[in-house]
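Single-letter residue listing:
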Amino acid sequence: MAERFFEVNRISYSRNDLPPEEAAHNKVLHLTVKCEGYYVKRVMLDGGSRVNICPLSTLQRMEIWTERIRPNNVCLRAFNGVKWDTIGEIDLVLTIGPVDFEVTFQGLVMDTSYNFLLGRTWIHTAGVVPSTLHQMVKFEHENQEIVVHGEDGQSI
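As the structure is a prediction and not an experimental result, all values here were calculated from the model. (Residues numbered from 1 in each chain as written. Predicted model: local features only at pLDDT ≥ 70, side-chain atom pairs only at ≥ 80, totals over all residues. Heavy atoms only, no water.)

Colleague: How would you summarise the nonpolar core if you had to cite specific residues and measurements?
Modeller: By size, the foremost hydrophobic cluster in this structure holds 31 residues, and its most contacted members are Leu94, Ile96, Phe105, Phe116, Leu118 and Trp122. Excluding its chain neighbours within four sequence positions, the residues that come into contact with phenylalanine 105 are Asn52, Ile53, Cys54, Gly88, Glu89, Ile90, Leu92, Leu94, Phe116, Leu117 and Leu118. Within the second largest apolar cluster, seven residues are counted, among which are Met44, Ile53, Leu108 and Tyr114. (Core = buried A, V, L, I, M, F, W, Y, C linked by side-chain atoms within 4.5 Å. Buried < 20%, exposed > 50% of the residue type's maximum accessible area, 1.4 Å probe, protein only. Contact = heavy atoms within 4.5 Å.)

Colleague: Lay out the packing of aromatic side chains with the relevant residues and their values.
Modeller: For the structure on display, the rule yields three aromatic pairs. Ring geometry for phenylalanine 101 versus tryptophan 122: centroids 5.3 Å apart, planes at 85 degrees, classification edge-to-face. Placement of phenylalanine 101 in strand β7 (residues 99-108) and of tryptophan 122 in helix α3 (residues 120-126) is noted, with a sequence separation of 21 residues between them. By relative accessible area, tryptophan 122 is classed as buried at 4%. Judged by centre distance (5.5 Å) and plane angle (75 degrees), the ring pair of phenylalanine 101 and phenylalanine 139 falls under edge-to-face. Residue phenylalanine 101 is located in strand β7, and its partner phenylalanine 139 is located in strand β10 (residues 136-141); the two are separated by 38 residues in the primary sequence. Given a relative accessible area of 1%, phenylalanine 139 falls into the buried group. Taken together, the ring pairs in this structure connect Phe101, Trp122 and Phe139 into an aromatic cluster. Here lysine 138 stacks its cationic end above the ring of tyrosine 13, 4.6 Å away from the centre of that ring. (Phe/Tyr/Trp six-rings, centres within 6.5 Å; stacked < 30°, edge-to-face > 60°. Helix = DSSP H or I, 4+ residues; strand = E, 2+ residues; numbered from the N terminus. Lys NZ or Arg CZ within 6 Å of the ring centre and 35° of its normal.)

As far as function goes, none of this settles anything; it's purely spatial.
And the structure:
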């Protein structure tokens, strides 16, 4: 039984995974992903968010037609208590590391500091173990551990 537990739960972080400044940072975990032929930076991982969010401005910059947005009646509440009605939801394929993920986003018309927000919905479905401390995510794909590093100040 113990062998099975350790076989299934292989993902871990160590001191060797820390960024050069070690724990002396206060960075949010941002990734660069590929979506619909575009490289998109400032993709924020937020385990505190129940949904994945795509600002309308991101879709517009990627020239994705709003006709792809399916209407829904979802109302989100921001951390500051403000309510936001979504404009609907859209499915997009994100390439993160070597793996493609189909992600359902809630579309919002609002200014954000990110281009996409990946919340618990994606984190749990993909089996991703994010670490803001280590500035990376790890997950398994085809029995291999995949490591995707967060953006640094010099990311493209």
